[in-house]
Amino acid sequence: MGQAEPLKTHYTYEEYLELEQTEGIRYEYYQGEVFAMAGSTKRHNQIAGNIYFGFTTALPDNCRVYSGDVKVEIDQHKHYVYPDVVVTCNADDVANDQEVSVKHPSLVVEVLSKSTQGYDKNEKQKAYMRLPSLEYYILVEQNTCEIELYSRQKDLWSYAFYNDPNQIIALPKLNLSLKVSDIYKRVKFD
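Residues numbered from 1 in each chain as written. Predicted model: local features only at pLDDT ≥ 70, side-chain atom pairs only at ≥ 80, totals over all residues. Heavy atoms only, no water.

Caption draft 1: A look at the overall build of the chain. A count of helical and extended segments in the chain gives six helices and 13 strands. Relative to a compact globule of 190 residues, whose C-alpha radius of gyration would be 16 Å, the chain shows 17 Å and is just as compact. Seen through its principal axes, the chain has C-alpha atoms that stretch 65 × 40 × 30 Å. Residue pairs in contact within the chain that sit at least 24 positions apart in sequence constitute 49% of those at least 6 positions apart. (Helix = DSSP H or I, 4+ residues; strand = E, 2+ residues; numbered from the N terminus. Rg over C-alpha atoms; globule rule 2.2 N^0.38 Å. Contact = heavy atoms within 4.5 Å.)

Caption draft 2: Molecular detail of the state of the cysteines. This model, assessed by the stated rule, comprises one disulfide. Between C63 and C89 runs a disulfide, and the two sulfur atoms are separated by 1.9 Å. Linking C63 and C89, the disulfide has an S-S dihedral of approximately 105° and is accordingly described as right-handed. With C63 in the loop between α2 (42–58) and β3 (64–67) and C89 in the loop between β6 (85–88) and α3 (91–95), this residue pair connects regions lying 26 residues apart in the sequence. (Disulfide = S-S within 2.5 Å.)

Caption draft 3: Expanded view of the side chain of K71. Mapping K71 onto the fold places it in strand β4 (residues 71–75). Side-chain polar atoms of K71 contact the side chain of Y16, separated by 3.2 Å. Not counting the four nearest positions on each side in its chain, K71 is found in contact with Y16, L17, E20, Y80, V81, Y82, V100, S101 and V102. (Polar contact = N/O pair within 3.5 Å; in protein donor to acceptor, adjacent residues only side chain to side chain.)

Caption draft 4: Geometry of the sheet that holds β4. What the five strands build is an open sheet, ordered β2-β1-β5-β4-β7; its pairing is mixed. With one partner strand each, in any of the chains shown, β2 (33–36) and β7 (101–102) form the two edges of the open sheet. Here strand β1 (residues 27–30) runs beside strand β5 (residues 79–81); their pairing, made up of two bridges, is antiparallel. Opposite Y30, over in β5, you have H79 as the bridge partner. Packed onto the sheet, helix α1 (residues 13–23) meets β1, β2, β4 and β5 and runs at close to 175° relative to β1. (Pairing = 2+ DSSP bridges. Axes fitted to C-alpha atoms, helices over the stretch in contact; angles between N-to-C directions.)

Caption draft 5: Inspection of α1 at higher detail. For α1, every residue scored as buried is listed here: Y13, Y16, L19 and E20. For α1, the buried positions fall inside an angular range of 115° around the axis, keeping them on one side. Exposed residues pointing more than 90 degrees away from the buried face of α1 are listed as E14, E18, Q21 and T22. Those residues of α1 that are buried are in contact with β1, β2, β4 and β5. Phi turns positive one or two residues past the end of α1, at G24, with a value near 70°. (Buried < 20%, exposed > 50% of the residue type's maximum accessible area, 1.4 Å probe, protein only. Arc of directions from axis to C-beta.)

Caption draft 6: Representation of the side chain of D120. Following the sequence through the fold, D120 ends up in helix α4 (residues 117–121). Owing to a relative accessible area of 2%, D120 belongs among the buried residues under this scheme. Aside from chain neighbours lying at most four places away, what touches D120 is E110, V111, L112, Q125, Y137 and L139.

Caption draft 7: Seen up close, the confidence of the model for the chain. Confidence in the prediction for the chain averages 92 pLDDT; 96% of positions are at 70 or higher. Confidence drops under pLDDT 50 across residues 1–6; counting only partners more than four residues distant or on other chains, this segment forms zero contacts. (pLDDT = per-residue confidence, 0-100.)

Caption draft 8: Representation of the pairing of strand β9 (residues 136–141). Taking burial as the measure, the six residues of β9 include six buried ones, the bulk of the element. Side chains of β9 alternate between two faces, with Y136, I138 and V140 and Y137, L139 and E141 buried alike. Here strand β8 (residues 107–112) runs beside β9; their pairing, made up of six bridges, is parallel. Across the sheet, the residue bridging to L112 is E141, located in β9. Of the pairings in the sheet, the one linking β9 to strand β10 (residues 147–153) comprises five bridges and is antiparallel in character. The partner of I138 across the bridge, within β10, is L149.

Rendered as structure tokens:
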């Protein structure tokens, strides 16, 4: 009688890519460990879609916006994560649309959920902010009208908080702005 194979706990980068392709599940990858990505609510998806649409229609042709199925490379072959929305204007990222990751993001958006909020506001945020190309990190609450914006100012990060639907979030380094009410379009809070 054969024995069941033990569950694998560490993967090479190549095994990680193969795992995603064969299982059809998105995994974040950190130094050999894989973490399955949970599904999201319709509200979460609506908010991420609103942001994606707002950026797609406003960005110049040399930039790209990707939604939750494109990962960001934090550390080559060691650390990969899936943001809800990512913007890149880097020529290398834009040139090859067959790539599975963005290496030089300009902007990253995470729509917060109860299960990922701590991770998105701590470990993931610190990892993103180490990327030299990143100019903006945005955290969006899905159950209340609250948005946190972190903007790179040379070697420091500034912070802004938005909770009024009439406020405008300005992202001058990308020549973008987005009204808070547009982010929450078609979202009804209880």
